[in-house]
Amino acid sequence: MPSEVRREREGSPLNPHVTKVVIPVGGLGTRFLPATKAIPKEIFPLIDKPVIQYVVEEAASVGLTDILMVTGRNKRPLEDHFDHNIEIEEALARKGDAAHLDQVCESSDLVTLHYVRQGAPKGLGHALLCAESHVGNEPFAVLLGDDLIDPRDPLLARMIAVQERFGGSVVALMEVDPRDIHLYGCAAVAPTDEADVVRVTGLVEKPGPDEAPSTCAVIGRFVLHPGIFDVIRGTGPGHGGEIQLTDALDDLSRSRAAPVHGVLFSGRRYDTGDRADYVRTIVRLACERDDLGPDFRAWLAAFVSHDFQETR
Ligand code: UTP
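An account of the accompanying structure is given in this report. (Residues numbered from 1 in each chain as written. Predicted model: local features only at pLDDT ≥ 70, side-chain atom pairs only at ≥ 80, totals over all residues. Heavy atoms only, no water.)

Ile23, Ile52 and Leu64 are the most contacted members of the largest nonpolar core, which has 34 residues in total. If you list the elements that add at least two residues to this core, you get β1 (20-24), α2 (51-61), β4 (66-71), β6 (140-143), α8 (156-166), β8 (169-175) and β11 (216-224). In terms of nonpolar packing, the next biggest core, distinct from the first, is built from 31 residues, Val135, Val142, Val231 and Ile243 among them. (Core = buried A, V, L, I, M, F, W, Y, C linked by side-chain atoms within 4.5 Å. Buried < 20%, exposed > 50% of the residue type's maximum accessible area, 1.4 Å probe, protein only. Helix = DSSP H or I, 4+ residues; strand = E, 2+ residues; numbered from the N terminus.)

Okay, here's the thing in structure tokens:
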């Protein structure tokens, strides 16, 4: 655990520490059909590592190793990925392929994973309710299983520190083009004494052009007060007929006892559940890798400059 995170946590004994993470992966992934008919989008490869492993590594990087995945139908490959595959491990050991053996075992040894099934994908709020008995009465982190935050732009550690200072819940916010705000949960905000922290005074899920209170979009990282569970229980179906976490947070944002704050994030973030963003993520990762980057960058430059024609 980075020392600044540990310090922040040790500094506020009255406020229980965040120790648990919930990763909801029970959605249908309709934007990626038909690919997601039998395979969850969270297992899609970003070259040679699935999206979900990046998300789990992000939690582990701030010392959060107790992780509950809220799964659903067709999500078995996610469990398999984090389990040992004895056949592959034995074959690699026999061949003396230590490098691949290490990579294969890495995902199984990273964290302690628990699973609960959502039953039916009734929305993100509903998915979180399935985590209640595991989480108990402590603040907890939620990392959406298809949202990738670049490890060079740490967000989760900052959100935990903000939760420990202000209490309540913390959401991650990103400034987006006004034309895109209808794709997100949108927050009405007020400044605080910290430049990158705002008080959230209201939230609307996927607002129409005249309804958006700002261009602050909610992205897939949350540190939530356990009071959210009771609020979700009282939240009816919202946008798209789903039980929306945004609606429950909107209710909480009016509470004095458990306020909602936002951390303004301006780093690199990819929604890998969106086809175009998925492609961008792979291109960026390929360009940046030591093994693939030099050849791939040269090919990409030639491909683009030749008007996409006849580049091999
Ligand atoms: P998304 O809205 O991005 O996922 O939810 P989705 O509903 O699967 O995607 P589309 O819009 O149909 O393409 C963000 C995260 O919350 C999970 C998803 O699996 C994803 O990781 N989720 C969503 C659940 O676990 N349960 C749900 O009922 C809905």
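Turning our eyes to something else, we now look at the environment of Pro45. Residue placement: Pro45 occurs in strand β2 (residues 45-46). Along the primary structure Pro45 and Ala157 are separated by 112 residues, whereas in three dimensions their C-alpha atoms are 26 Å apart.

This brings us to the environment of Phe296. The residue Phe296 is located in helix α12 (residues 293-305) in this model. Residues Phe296 and Asp109 lie 187 residues apart in sequence; the distance between their C-alpha atoms is 31 Å. Here Phe296 is in contact with Val283, Ala286 and Cys287, once residues within four sequence places are set aside. (Contact = heavy atoms within 4.5 Å.)

Time to look at the site of the ligand. If you check the shell around the ligand, you find 19 residues, and the closest are Gly26, Gly29, Thr30, Gln118 and Gly123. In this structure, an oxygen atom belonging to the ligand sits 3.2 Å away from a side-chain N or O atom of Asp146. In isolation the ligand offers 570 Å² of accessible surface; the protein chains occlude 86% of this area. Of the residues in the shell around the ligand, the class split is 7 nonpolar, 7 polar and 5 charged. (Near = heavy atom within 4 Å. Polar contact = N/O pair within 3.5 Å; in protein donor to acceptor, adjacent residues only side chain to side chain. Areas by Shrake-Rupley, 256 points an atom, 1.4 Å probe, with all protein chains shown as cover. Nonpolar A, V, L, I, M, F, W, Y, C, P; charged D, E, K, R; others polar.)

Another aspect to go through is the pattern of salt bridges. For the structure shown, the criterion picks out 25 salt bridges. Arg289 serves as the salt-bridge partner of Asp48, at 2.9 Å between the closest nitrogen and oxygen. Of this pair, Asp48 sits in the loop between β2 and β3 (49-50) while Arg289 sits in the loop between α11 (275-288) and α12, and the two are 241 residues apart along the sequence. Note that Arg233 and Glu132 form a salt bridge whose closest N and O atoms lie 2.8 Å from each other. Taken together, the residues Arg233 in helix α9 (residues 228-233) and Glu132 in helix α7 (residues 132-135) connect sequence positions 101 residues apart. Sharing partners across several salt bridges, the network here consists of Asp150, Arg152, Asp153, Arg268, Arg284 and Glu288. (Salt bridge = Lys/Arg side-chain N within 4 Å of Asp/Glu carboxyl O.)

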